[in-house]
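Chain by chain, the residues run as shown.
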Amino acid sequence: REHLDELEPAIRQCHSLSDFCAMLRRHKQLEYLRIGARDLDPSVTMEETVRELTALAEASLQAAYQFCRSEVEKDFGILTVPGTESRQRFVVLGMGKLGGGELNFSSDIDVIFLYEDDEGESSGGRKGKATPREFFSDLGKKIIQVMGEVTEDGFIFRIDLRLRPLGANGPLVQ
C-alpha cells in the first residue's frame with residue numbers, strides 16, 4: 001500500500017501517457033535501488049525481498065490500471081453495468097510468481113485480465129462508444145504498454161499473458 005500512497009499524488013499530476021510512464025519508471029528504478037541495497041544486508045531474508053518486489057509490481061499495476069482506465073474513459077466514456085450506475089469492474093489477476101508473492105529482480109509478471117459483464121455499451125467519448133470487450137481490450141493494451149514498453153527510462157515489468165485461457169490464441173480480456 002505504501003507504494004501506491006507514494007504514486008497517487010504523482011498520478012494526478014500526469015497529463016499524458018508518456019509523462020505517466022516516465023514517472024512510473026523512475027519510481028521503479030528508485031525502488032529497485034532501495035530494495036537491492038536492502039537485500040545486501042545479511043539480516044534481510046529472501047522472503048522479505050521477494051515480498052517487497054511483489055508489492056512494487058502490484059502497486060505499479062494498480063497505478064497503471066487507474067491512469068489507463070481514465071484514459072480509456074476519455075476515449076469511450078464510462079462503462080457501467082447495464083441497468084445500474086455502477087462502473088463495470090476489471091481485475092488484473094496475478095498468476096505465477098506475482099500471484100504467489102515471489103517476484104525476483106528479473107521476473108516478468110503473469111496476469112489475466114477479467115471484466116464483469118459482456119452486456120452494454122460505454123456512454124461515449126472522443127472515439128465514440130465501445131462494447132465491454134472493446135473497452136477492456138483497449139484498457140488491457142494500454143496497461144501492457146505502460147508496464148512493458150522499453151523507453152529511455154527502461155521498463156516497469158514485462159507482462160506475460162500466456163497463462164490466460166487459450167494462451168496467445170485467446171482474447172486479451174475475459
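This section reports on the structure supplied with the text. (Residues numbered from 1 in each chain as written. Predicted model: local features only at pLDDT ≥ 70, side-chain atom pairs only at ≥ 80, totals over all residues. Heavy atoms only, no water.)

1. Some words on the overall build of the chain
Then, in step 1: Broken down by element type, the chain carries 5 helices and 3 strands.
Then, in step 2: Each helix and strand of the chain, ordered N terminal to C terminal, gives the series α-α-α-β-α-β-α-β.
Then, in step 3: Its C-alpha radius of gyration of 17 Å places the chain within 12% of the 16 Å reference for a compact globule of 174 residues.
Then, in step 4: Expressed along its principal axes, the backbone C-alpha trace of the chain runs to roughly 55 × 35 × 30 Å.
Then, in step 5: Of all 174 residues assigned to the chain, the portion counted as buried reaches 44%.
Then, in step 6: When the accessible surface of the chain is summed, it comes to about 9100 Å², and 52% of that surface belongs to carbon and sulfur atoms.
Then, in step 7: Averaging the coordinates of the 22 positive side-chain charges in the chain and doing the same for the 30 negative ones gives two points 3 Å apart. (Helix = DSSP H or I, 4+ residues; strand = E, 2+ residues; numbered from the N terminus. Rg over C-alpha atoms; globule rule 2.2 N^0.38 Å. Buried < 20%, exposed > 50% of the residue type's maximum accessible area, 1.4 Å probe, protein only. Areas by Shrake-Rupley, 256 points an atom, 1.4 Å probe, with all protein chains shown as cover. Lys, Arg positive; Asp, Glu negative; His and termini not counted. Charge placed at Lys NZ, Arg CZ, Asp CG, Glu CD.)

2. Some points on the nonpolar core
Then, in step 1: Within the largest apolar cluster, 45 residues are counted, with the highest numbers of intra-cluster contacts made by Phe20, Phe90, Ile109, Ile143, Val146, Met147 and Phe157.
Then, in step 2: When contributions to this core are tallied by element, the ones reaching two or more residues are α1 (2–13), α2 (17–39), α3 (46–76), β2 (109–115) and α5 (132–148). (Core = buried A, V, L, I, M, F, W, Y, C linked by side-chain atoms within 4.5 Å.)

3. Regarding the sheet that holds strand β3 (residues 159–160)
Strand pairing in a sheet is mediated by backbone hydrogen bonds. Such pairs are either parallel or antiparallel.
Then, in step 1: Spatial strand order, β1-β2-β3: 3 strands in an open sheet with mixed pairing. Pairing within the sheet leaves two strands with one partner each, and these edge strands are β1 (90–95) and β3.
Then, in step 2: By the bridge criterion, 2 bridges tie β2 to β3 in an arrangement that is parallel. When the bridges of β3 are listed, Asp110 appears paired with Asp160.
Then, in step 3: Sitting on the sheet, α5 touches β1, β2 and β3, and the angle it makes with β2 is about 160 degrees. (Pairing = 2+ DSSP bridges. Contact = heavy atoms within 4.5 Å. Axes fitted to C-alpha atoms, helices over the stretch in contact; angles between N-to-C directions.)

4. A short note on the packing of α1 against α2
Then, in step 1: Closest axis-to-axis distance for the α1/α2 pair is 11 Å, and the angle between their directions is 155 degrees. It follows that α1 is roughly antiparallel to α2 by the angle criterion. Of the two possible hands of crossing, α1 and α2 adopt the one that is right-handed. In this structure, α1 contributes His3, Glu6, Leu7, Ala10 and Ile11 to the contact, and α2 contributes Phe20, Met23, Leu24, His27, Glu31 and Arg34.
Then, in step 2: Of the residues in the contact of α1 with α2, the class split is 6 nonpolar, 2 polar and 3 charged. (Parallel < 35°, antiparallel > 145°, perpendicular 65-115°, else oblique. Left-handed = near helix turned anticlockwise from the far one by under 90°. Nonpolar A, V, L, I, M, F, W, Y, C, P; charged D, E, K, R; others polar.)

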